[in-house]
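# Coordinates in review
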Amino acid sequence: MEEIKLMKGNEAIAHAAIRYGTDGYFGYPITPQSEIMETLMAEMPWKTTGMVVLQAESEVAAINMVYGGAASGKRVMTSSSSPGISLKLEGISYMAGAELPCVIVNVMRGGPGLGTIQPSQADYFQTVKGGGHGDYRLITLAPYSVQEMADFVALGFDLAFAYSNPAMILADGIIGQMMEKVILPPFRQRKTEAEIRHESPWAVQGKLKDKKVNVITSLELDPALMEKNNNRFQAKYRQIEETEVRYEEYNCQDAEYLLIAFGSSARICMKAVELAREDGIRLGLLRPITLWPFPKKIIETYSTQVKGMLSVELNAGQMVEDVRLAVNGKVKVEHFGRLGGIVFTPDEIITALKEKLL
Amino acid sequence: MELTEIIKPENRVYGKPRLMNDNPMHYCPGCSHGVIHKLIAEVIEDMGMEEQTIGVSPVGCAVFAYNYIDIDWVEAAHGRAPAVATALKRLNREKMIFTYQGDGDLAAIGTAETIHAANRGENIVIVFVNNAIYGMTGGQMAPTTLEGMPSSTCPYGRDVALNGYPLKIADLLAQLEGTCLVTRQSVQTAAAVRKAKKMLRKAFENSMEGKGASVVEFVSTCSSGWKMTPDQSNKWMEANMFPFYPLGNLKNVE
């Protein structure tokens, strides 16, 4: 029988991580995501599944612990919020360069700088355009419910291991803090050393006599070889863009106007769609679930159907640039957002739609 | 007795450790790294731990340590080796884990990671090569550069009014409850090499016995950075480095 629980998004992440058979979590406290580590520490999974949970001395140390754990083929994760993610970017770039899988959770808050502890979606650029140095991409999942917070732990690890690349769950303070019903995933076994050696032959587990040495590094001083490495990364990224795009359509079939929104903004937009339709406006919502790879093909498809698109984000206009690239001028695309931790109401969205597009 | 009668396998008393491969080393002539690498390879081999050992290399001259010792390696970001090693050990308790770090990596950019890994009593070995200079980037001032000692970023010698004092980080680490062994060694003579190997072995054994963090500092030379011949470097090290960084055990919990 399915067990329905009521909990915060942050708590759901923690429970899902234990149940997934995660080997290690390394974190540093920061609002509004501290419940993730608090829940893990209270659950004491090292006594049940053997999962290691460690409070690091900094976000920098935490991501480098993740680097070390991932290098040995383990399922490891960390979580933080915007300023802390900025600190982790060096490590994230190294992990992309060394092709290591892991899950990173960002429960976004408003910036720049120390900013605010209230929710925001202003780390879109940071996450999907790079953030750290070098040409790399981060698989980015944007949950819009507590259920998806729980489900995306498994999805994040599955994608990270399938492509040997870090994956990020890009949530925000609303999704992290709000309580909802959730069905937690079933328990899975942690991998044994034999399974790791078999499934991740690149992992450092100690060099056996009949095996070659494994070295985890992002360093290659020979430019010809470094270009080859980069070309391999890019080929992998193109493959992810081809096969891993995820999105949800809500009342899009007959839509004349389209809202594009992810995470908590998409939740608010669903209500806006309902209200608009009561008002006689045929409004739909397209919700990107993967922010990278971005669902550009489906957005391009709608560019011939709708009269305008409104990218609704809790930021000053970030995803709107990708929407505009996707439609390539075929239809008008505008942005509506609130900043600094202020969250828009459904009515504000409709007003913005009328002002900017109708 | 003919030479051919003497030179034969059964008379061999010394050889290159099996774990050291034949890749040409990028280290400069006279550099201490080569000897320290050899000692690590010997200790791992003597302990029969080559299939269980994972090394963590730093950013600095030893970034390519993985090219010379035939074990599994992880190359860490600058200063983060103790954090990387922390997770490697906690998630793989039966493995033998060590970091190999220079003075800039361990005592400047990675000070926080070093102190906290040591203070948590991580069951790892931290090999610390202190040559008082940034070798790889071309001889800049290190946290351990001696007062008055010139470098490319303190060309007139380290001025404590401008740069502060050289950091005796091993003394600091010895104060922490989480360390079980903090020792300062060198490799400029055969006797020093033998002594150093003994303490290195102790450090690796400690890590497998779960006694906490072991730190083996090697007071070392950098002929290129110091702009001296290898022989001059050894003499300069004995005359100038040893008085400020005296050799011996700072802490050795039995």
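Small disclaimer: the values here were computed from a predicted structure and weren't measured.

Another point: the overall build of chain B. The number of helices and strands found in chain B is 10 helices and nine strands. Compactness check: chain B gives a C-alpha radius of gyration of 18 Å against a globular reference of 18 Å for 254 residues, within 12% of the reference. Structurally, chain B occupies a C-alpha span of about 65 × 45 × 30 Å along its principal axes. Here chain B holds 254 residues, and the buried ones make up 53% of them. Across chain B, contacts joining residues at least 24 apart in sequence account for 67% of those joining residues at least 6 apart.

With 29 residues of chain B at the interface, the matching set in chain A holds 35 residues. Residue assignment for the side of chain B that touches chain A shows that the elements contributing at least two residues are strand 1 (53-57), strand 2 (72-75), helix 3 (81-91) and helix 5 (111-119) of chain B. In terms of residue count, helix 3 of chain B provides more of the side of chain B that touches chain A than any other element does, eight residues in total. In terms of residue class, the side of chain B that touches chain A is made up of 15 nonpolar, five polar and nine charged. Sheet topology note: the strand 9 (residues 215-216) of chain A/strand 2 of chain B ladder contains two bridges and is parallel. Looking across to strand 2 of chain B, one finds that I216(A) is bridged to V74(B).

Right, let's talk about the sheet that holds strand 3 (residues 96-102) of chain B for a bit. If you walk across this open sheet you meet the eight strands as 9(A)-2(B)-1(B)-3(B)-4(B)-8(B)-7(B)-9(B), and the pairing is mixed. Whereas interior strands pair on both sides, the edge strands pair on one side only; in this sheet they are strand 9 of chain A together with strand 9 (248-252) of chain B. As paired elements, strand 7 (residues 179-185) of chain B and strand 8 (residues 213-219) of chain B share six bridges and run parallel to each other. Across the sheet, residue L181(B) finds its bridge partner in strand 8 of chain B, namely S214(B). Sitting on the sheet, helix 2 (residues 33-47) of chain B touches strand 1, strand 4 (125-130) and strand 8 of chain B, and the angle it makes with strand 4 of chain B is about 160°.

Turning to the environment of A61(A), a few remarks are in order. Within the element layout of this structure, A61(A) appears in helix 3 (residues 59-71). Distance in space between the C-alpha atoms of A61(A) and N231(A) is 30 Å, their sequence separation being 170 residues. Among all residues touching A61(A), those that are not within four sequence positions of it are A56(A), A83(B), A112(B), E113(B) and H116(B).

All names here are of chain A. By domain assignment, chain A separates into domain 1 (4-183) and domain 2 (247-356). Distance between the C-alpha centres of domain 1 and domain 2: 26 Å. Between domain 1 and domain 2, the residue contacts involve 24 residues of the former and 20 residues of the latter. Elements with a contribution of two residues or more to the side of domain 1 that touches domain 2: helix 5 (124-128), strand 6 (139-141), strand 7 (166-172) and helix 7 (173-177). Here the side of domain 1 that touches domain 2 takes four residues from helix 5, the largest share from any one element.

This part is about helix 3 of chain A. Residue and element names in this part refer to chain A. For helix 3, which comprises 13 residues, the first-to-last C-alpha distance of 18 Å matches the rise-based estimate of 18 Å (1.5 Å per residue) to within 8%. Buried residues dominate helix 3, accounting for 13 of its 13 residues. Remark: G73 follows helix 3 within two positions and exhibits a positive phi of approximately 80°.

Residue and element names in this part refer to chain B. One can describe the packing of helix 3 onto helix 5 by two numbers: an axis separation of 7 Å at closest approach and a directional angle of 35°. For the pair helix 3 and helix 5, the contacting residues are P82, A83, A85 and T86 in the first and E113, T114 and A117 in the second. A class-by-class count of the residues in the contact of helix 3 with helix 5 yields four nonpolar, two polar and one charged.

Our next topic: the environment of I183(A). Residues and elements named next belong to chain A. Relative to the helices and strands, I183 resides in strand 8 (residues 179-183). Taking the C-alpha atoms as reference points, I183 and I4, separated by 179 residues in sequence, lie 4.8 Å from one another. Leave out the neighbours within four places in its chain, and I183 touches E2, E3, I4 and Q147.

Parameters at a glance
- Residues numbered from 1 in each chain as written.
- Chains lettered and ligands numbered in written order.
- Predicted model: local features only at pLDDT ≥ 70, side-chain atom pairs only at ≥ 80, totals over all residues.
- Helix = DSSP H or I, 4+ residues; strand = E, 2+ residues; numbered from the N terminus.
- Rg over C-alpha atoms; globule rule 2.2 N^0.38 Å.
- Buried ≥ 20, exposed ≤ 12 C-beta atoms within 10 Å, placed from the backbone.
- Contact = placed C-beta atoms within 7 Å.
- Nonpolar A, V, L, I, M, F, W, Y, C, P; charged D, E, K, R; others polar.
- Pairing = 2+ DSSP bridges.
- Axes fitted to C-alpha atoms, helices over the stretch in contact; angles between N-to-C directions.
- Domains from an automatic or database assignment.
- Expected span 1.5 Å × (residues − 1).

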